[in-house]
Amino acid sequence: MHREGDEVHITTEEARSGRRGNHVITVLLVSLFLACAAMTIAWVTGALTARP
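Let me sum up the structure you'll find in this document. (Residues numbered from 1 in each chain as written. Predicted model: local features only at pLDDT ≥ 70, side-chain atom pairs only at ≥ 80, totals over all residues. Heavy atoms only, no water.)

Here we come to a nonpolar patch on the surface. A cluster of nonpolar side chains, Met1, Val8 and Ile10, forms an exposed patch at the surface whose accessible area comes to about 330 Å². With respect to the element layout, valine 8 can be found in strand S2 (residues 7-9). By relative accessible area, valine 8 is classed as partly exposed at 45%. (Patch = residues over 30% accessible without salt bridge, like charges linked within 9 Å, V, L, I, M, F, W, Y side chains within 5 Å. Areas by Shrake-Rupley, 256 points an atom, 1.4 Å probe, with all protein chains shown as cover. Salt bridge = Lys/Arg side-chain N within 4 Å of Asp/Glu carboxyl O. Helix = DSSP H or I, 4+ residues; strand = E, 2+ residues; numbered from the N terminus. Buried < 20%, exposed > 50% of the residue type's maximum accessible area, 1.4 Å probe, protein only.)

Structure below.
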């Protein structure tokens, strides 16, 4: 990062605040799967214990 007068110039990596890669997609996919599994368990459990 450097300044030129009133302007601040930063690199692309600094602007992105880090790195992107496969780990981000992995975390998102695992989280999505766990959320779907939790919702399915809650739905099935509620359907099985409900009285007609």
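Moving on, we come to the environment of aspartate 6. Within the element layout of this structure, aspartate 6 appears in the loop between strand S1 (2-4) and S2. Residue classification places aspartate 6 among the exposed positions, given a relative accessible area of 77%. Put simply, aspartate 6 and valine 44 are 38 residues apart on the chain and 60 Å apart in space, counted from C-alpha to C-alpha.

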